[in-house]
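If you want the building blocks of each chain, they are given just below.
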Amino acid sequence: MADGGEAERLAAVCAHLEEIRADLRDGPGGDEGPVERVLAAARDGGDTAGALAVLHAVLQAGGDPLGLDGYTDHAGAIRGLRPAGISTTRAEPVYLCPAGRCARYWWPQATVPVPHCTISSSMLRRERL
Ligand SMILES: [Zn+2]
């Protein structure tokens, strides 16, 4: 069972993979293994909770007290957008994780290409709220 924060933590990995890799390289472990294990678990459709917990702990050990949660500022806001039946007049498209594994979302920006999900390696999928 996913706990409440798992999708947000996966979204942090999805959206900030390169930053997380850089932090891991600079951290005490000196390698990207913890985040690679999260990606592998997510791609296999496996349980990511354990791998996310390890990654979180390694980031904290590297001197970031927020760990993985420090990357979730952007993803967390989707809680207010997703629930069905929410009253909104927004008809703008939003892009969501194509694998549906994480809580990542992205608003279209005219000059920016649609990002790819780092977990599924495919483009974020377009939805209408
Ligand atoms: Zn994703």
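Calculation rules
- Residues numbered from 1 in each chain as written.
- Predicted model: local features only at pLDDT ≥ 70, side-chain atom pairs only at ≥ 80, totals over all residues.
- Helix = DSSP H or I, 4+ residues; strand = E, 2+ residues; numbered from the N terminus.
- Buried ≥ 20, exposed ≤ 12 C-beta atoms within 10 Å, placed from the backbone.
- Contact = placed C-beta atoms within 7 Å.
- Arc of directions from axis to C-beta.
- Pairing = 2+ DSSP bridges.
- pLDDT = per-residue confidence, 0-100.
- Core = buried A, V, L, I, M, F, W, Y, C linked by C-beta atoms within 7 Å.
- Axes fitted to C-alpha atoms, helices over the stretch in contact; angles between N-to-C directions.
- Parallel < 35°, antiparallel > 145°, perpendicular 65-115°, else oblique.
- Left-handed = near helix turned anticlockwise from the far one by under 90°.
- Nonpolar A, V, L, I, M, F, W, Y, C, P; charged D, E, K, R; others polar.

**Describing the overall build of the chain**
Part 1 of the reasoning: The helix and strand inventory of the chain stands at five helices and three strands.
Part 2 of the reasoning: Across the chain, helices and strands are ordered from the amino to the carboxyl terminus as α-α-α-α-α-β-β-β.
Part 3 of the reasoning: For the chain, the proportion of its 129 residues judged to be buried stands at 32%.
Part 4 of the reasoning: Across the chain, the fraction of contacts at a sequence separation of at least 24, relative to all contacts at a separation of at least 6, is 60%.

**Topic: helix α2 (residues 17–26)**
Part 1 of the reasoning: Regarding α2, the residues found buried are Ile20, Asp23 and Leu24. Angular distribution of buried residues about the axis of α2 spans 100 degrees; they occupy a single face of the element. Among the exposed residues of α2, those oriented more than 90 degrees off its buried face are Glu18, Glu19, Ala22, Arg25 and Asp26.
Part 2 of the reasoning: Each element contacted by the buried residues of α2 is listed here: α1 (6–15), α3 (33–43) and α4 (49–61).

**A word on the pairing of strand β1 (residues 93–96)**
Part 1 of the reasoning: Taken together, the four bridges between β1 and strand β3 (residues 125–128) define a ladder with antiparallel strand orientation. Bridging across to β3, valine 94 finds its partner in glutamate 127.
Part 2 of the reasoning: As defined by bridge partners, β1 adjoins strand β2 (residues 105–106) across two bridges and the pair is classed as antiparallel. Paired with leucine 96 across the two strands is tyrosine 105, which belongs to β2.

**Describing the confidence of the model for the chain**
As a general rule, the predicted coordinates of low-pLDDT regions are not to be interpreted in detail.
Part 1 of the reasoning: The share of residues in the chain with pLDDT of 70 or more is 81%, and the mean pLDDT across the chain is 82.
Part 2 of the reasoning: When pLDDT is averaged over each element of the chain, α4 comes out on top at 95 and helix α5 (residues 73–76) at the bottom at 46.
Part 3 of the reasoning: In this model, residues 74–87 is a region of pLDDT below 50 whose contacts with residues beyond four sequence positions or in other chains number 12 contacts.

**Things to note about the environment of glycine 27**
Part 1 of the reasoning: Within the fold, glycine 27 resides in the loop between α2 and α3.
Part 2 of the reasoning: Looking at glycine 27, the number of C-beta atoms within 10 Å reads 18, which means it is partly exposed.
Part 3 of the reasoning: Placed 35 residues apart in sequence, glycine 27 and glycine 62 show a C-alpha to C-alpha distance of 4.6 Å.
Part 4 of the reasoning: Apart from the residues lying within four places of it in its own chain, the contact partners of glycine 27 are Val58, Ala61 and Gly62.

**Considerations on the nonpolar core**
Part 1 of the reasoning: Counting residues in hydrophobic clusters, the biggest one holds 28 residues, and the most contacted among them are Leu10, Ala11, Cys14, Val38, Leu55 and Cys102.
Part 2 of the reasoning: Ranked by the residues each element gives to this core, the list is headed by α1, at seven residues.

**Re the sheet that holds β3**
Part 1 of the reasoning: Taken in spatial order, the three strands make up an open sheet running β2-β1-β3, and their pairing is antiparallel. Sheet topology places β2 and β3 at the edges, where each strand pairs with a single neighbour.

**Quick look at the packing of α3 against α4**
Part 1 of the reasoning: As a packed pair, α3 and α4 sit with axes 9 Å apart at the nearest point and diverge in direction by 160 degrees. Regarding the angle of α3 to α4, the classification is roughly antiparallel. The chirality of how α3 crosses α4 is left-handed. Residues Pro34, Val35, Arg37, Val38 and Ala41 of α3 touch α4, and the partners they reach there are Ala51, Leu52, Val54, Leu55 and Val58.
Part 2 of the reasoning: Partitioned by chemical class, the residues of the contact of α3 with α4 number nine nonpolar, no polar and one charged.

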